[in-house]
Amino acid sequence: MQSVVAFAFQGIANDVRGRAKCYRQDWVSGFTSSFRILAPSLYIFFASALPVIAFGEQLQRDTDGELSAVQTLASTALCGLIHSVLGGQPLLILGVAEPTVIMYSFMYRFAKTKHNLGHQLFVAWAGWVCVWTALLLILLAIFGACSIVNRFTRVAGELFGMLIAVLFMQEAIKGAVEEFRIPKGHNPKLEQYQVPWCITNGMFGLVLSFGLLLTALKSRTARSWRYGTGWLRGFIADYGVPLMVVIWTGISYSSSGDTPSGVPRRLFSPTPWAPGAAKNWTVVKDMGAVPYVYMLAAFIPAVMIAGLYFFDHSVASQMAQQKEYNLQNPSAYHYDVLLLGIMVLFCGLLGIPPSNGVLPQSPMHTKSLATLKRQIVRKKLVEIAKKSIENQLTLGELYVNMNDVYQKMENISSLQAPLEWDLKDLKALNCFKDGAVHSVVPEVPVDLSVFDPDKDVDALLPITVKEQRLTNLIQCLLVGLCVGGMPVIKKIPTSVLWGYFAYMAIESLPGNQLWERLLLLLTAPNRRYKVLEDVHASFVETVPFKTIAIFTLFQFVYLMLCFGITWIPIAGVLFPVLFFTLIPIRQYCFPKIFEAQHLWELDAAEYEEASAILCEQASREAELHRLSSRVQSLHDTVDDAEILDEITTRGRGELKVCLEADFHQLSGRVQSLQPAVDDAEILDEITTRGRGELKVHSVWQK
């Protein structure tokens, strides 16, 4: 939590002191992860590079070639490299985002209409805009403006995440439609732009786009497939998305020899060694030629860009380090905004568009590292558990050994604060064997029939993230290589890019409570009990449906308002103003509309999901009678990374799961339960899932 800054530089100094303690460990943790670090690195590289290339092409069209994908890639690589080494929060991903493209396009249209600016001095004038923007960002960091991040509650984060997803999907749809049209500035008399070939290009583009989208989504669930060996399923899950980009690019070359070379259309950008491509790098010598009045006028767009970057950067950082990820290292909002200001200045002097924190790449990065960390920790704990069983230790001693190893792995650096959480409790374990519930005494030696490390360790692991700097550094270096590898990049069809945009939009939706509540509202009343069959947030059971509906409809209308503003040519970049407006709405209006407890469940300021009450509400005597006959499937083989997708949703980690350990403790309380509930209100089916946890249905809260 960011405390209020009382004097200048206090926030920056606190951030530097906090992050300096774990800086060395950030590197040690990355280099000790062996080859496993490549999976999240490549995953986030594609998530970062492909949108930047698309935005570069859009910028090239809007600025008549003054800027291109070469500049956007160079900015993303340079800023990302600086941030990965010197930044406060290494999980934050930087890149050139669409709002930057919109601002630069507007600035170019303004500059080329002025005879004493024109397109010749556009980049130089943009450099002055960056100078003013950098100054404003540095002042915001110095005087502690980042303390306002505390005021951005869940409602703001969910709205912003949904807005980014909608914008990505919008770009995907617009791009797919453009495949049927003649590109702007191209000769319509060319063969590939004749009507039959435009239709062919569009239809083939749809095949490539949907092919990439569907196969990429499917590959992310490869660990749960029934077919293939474990290492093959793991390989597809880790590297499937970039692999699908390569495969569908190869498929695009399957057309016959009679097809024009422009079908399907491919990415286009000049190479960095093309004539005139290097002129931007020396733009600093032209900045003095900008008339003084325009040097001062550059302050106006700088104010908008500074506000935009401040909001985007802070919210992206906030969503990359959500509380449910159990991050151990402190945040550094003030210092990161200071560093952002310095990087914006560098970019302006180099003649390239600046980069800032981006969504949904930043939380996607954290999620991929949570999977990596689980794989590493699980392997070590399984080894310790097997050794304890071989030495005929008791269940209590086994738990102590595992917890000690876990704590040592999490607190490698002596400068880091001790963990506030550890392994989930195993001491009162009750094991389900042979169709009945058997209580296991911790003092009795353990064998595989009581505790199987390969199957039972998963239920004990909390969600942790491999906090390090190496993945961010690797992906930035790969983005930098794309600048020199432009001839290879240009072989990717644009339709594959639109499919990837759609993939990123869909990938960011699960876990966003606004999305989950919208689906709940669309569910038929007589089918809402289905929600309780799966993992779900606690508000589903504790907040009345009417309250959920009112809160969700407000967010949806506000989302549409934010989305509508983005369609206004220049005012679209002012959409962060609506998010700042949410602060007084949340603080002063919501408490008058919603009950305090309901508001806490739906939008707590420092959100901590209420302890799961699913087991307590649903553990009725009638259900427990049927439990013993169906628990055999509880011990099916479970993949560690697959379980992670159930414990934490892909975007946010607030869903509740009744794990095996919860049911182990259930039998001790069964005598005190009062099954005084109308049979019609109880969902009388207990389902056992293949991922190792029981889902218990409960009473729907009216």
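Keep in mind it's a predicted model, so treat the numbers as computed, not measured. (Residues numbered from 1 in each chain as written. Predicted model: local features only at pLDDT ≥ 70, side-chain atom pairs only at ≥ 80, totals over all residues. Heavy atoms only, no water.)

## Overview of the overall build of the protein
Link 1 in the chain: Within the protein, the secondary structure is distributed over 27 helices and six strands.
Link 2 in the chain: Counting only contacts in the protein whose residues sit at least 6 apart along the sequence, the fraction spanning at least 24 positions is 83%.
Link 3 in the chain: Of the roughly 29400 Å² of accessible surface on the protein, 63% is carried by carbon and sulfur atoms. (Helix = DSSP H or I, 4+ residues; strand = E, 2+ residues; numbered from the N terminus. Contact = heavy atoms within 4.5 Å. Areas by Shrake-Rupley, 256 points an atom, 1.4 Å probe, with all protein chains shown as cover.)

## Re the nonpolar core
Across soluble globular proteins, nonpolar side chains have a tendency to be buried as a group.
Link 1 in the chain: The biggest cluster of nonpolar side chains holds 139 residues, and the ones touching the most others in it are Met107, Trp125, Tyr500 and Phe579.
Link 2 in the chain: Here the element with the most residues in this core is helix α3 (residues 38-62); it accounts for 12 residues.
Link 3 in the chain: Not counting residues within four places of it along the chain, the set of residues in contact with Tyr500 comprises Tyr43, Phe46, Ala47, Leu50, Leu212, Val241 and Val245.
Link 4 in the chain: The next biggest cluster of nonpolar side chains, apart from the first, holds seven residues, and it includes Leu381, Ile384, Leu398 and Met402. (Core = buried A, V, L, I, M, F, W, Y, C linked by side-chain atoms within 4.5 Å. Buried < 20%, exposed > 50% of the residue type's maximum accessible area, 1.4 Å probe, protein only.)

## Some words on helix α11 (residues 299-320)
Link 1 in the chain: End to end, α11 covers 31 Å across 22 residues, agreeing with the expected 32 Å (1.5 Å per residue, within 8%).
Link 2 in the chain: Here α11 lies mainly inside the structure; 17 of its 22 residues are buried. (Expected span 1.5 Å × (residues − 1).)

## Describing unusual backbone geometry
Link 1 in the chain: A cis amide bond, omega -5°, links Val263 with the succeeding residue Pro264.
Link 2 in the chain: Within the element layout of this structure, Pro264 appears in the loop between α9 (230-251) and α10 (292-297).
Link 3 in the chain: In this chain, Leu359 is followed by Pro360 through a cis amide linkage whose omega measures 5°.
Link 4 in the chain: Along the chain, Pro360 turns up in the loop between β2 (356-357) and α13 (361-390).
Link 5 in the chain: Positioned with a positive phi, Phe9 is a non-glycine residue whose angle comes to about 70°.
Link 6 in the chain: Structurally, Phe9 can be placed in the segment before α1 (10-20).

## Focus on the pattern of salt bridges
Link 1 in the chain: Here the structure, examined in full by the defined rule, presents eight salt bridges.
Link 2 in the chain: For Glu158, the salt bridge goes to Arg154, with nearest N and O atoms at 3.8 Å. Taken as a pair, Glu158 and Arg154 lie in helix α7 (residues 154-178) at a separation of four residues, close to a single helical turn.
Link 3 in the chain: Linked through salt bridges whose partners overlap, the residues forming this network are Arg19, Asp26 and Arg469. (Salt bridge = Lys/Arg side-chain N within 4 Å of Asp/Glu carboxyl O.)

## Structural notes on a positive patch on the surface
Link 1 in the chain: Positive charge collects at one region of the surface, where Arg61, Arg109, Lys112 and Lys184 lie side by side.
Link 2 in the chain: Following the sequence through the fold, Lys184 ends up in the loop between α7 and α8 (195-219). (Patch = residues over 30% accessible without salt bridge, like charges linked within 9 Å, V, L, I, M, F, W, Y side chains within 5 Å. Lys, Arg positive; Asp, Glu negative; His and termini not counted. Charge placed at Lys NZ, Arg CZ, Asp CG, Glu CD.)

## Things to note about the packing of α3 against helix α4 (residues 69-86)
Link 1 in the chain: In contact at an axis separation of 7 Å, α3 and α4 are set at 140° when each is read in the N-to-C sense. Classified by the angle between their axes, α3 and α4 sit oblique to one another. Between α3 and α4 lies a crossing of right-handed hand. Counted together, Ser48, Ala49, Val52, Ile53, Gly56, Glu57 and Leu59 of α3 and Ala69, Thr72, Leu73 and Thr76 of α4 form the full contact between these two elements.
Link 2 in the chain: Classifying every residue of the contact of α3 with α4 gives six nonpolar, four polar and one charged. (Axes fitted to C-alpha atoms, helices over the stretch in contact; angles between N-to-C directions. Parallel < 35°, antiparallel > 145°, perpendicular 65-115°, else oblique. Left-handed = near helix turned anticlockwise from the far one by under 90°. Nonpolar A, V, L, I, M, F, W, Y, C, P; charged D, E, K, R; others polar.)

Worth remembering: the numbers are spatial, not functional.
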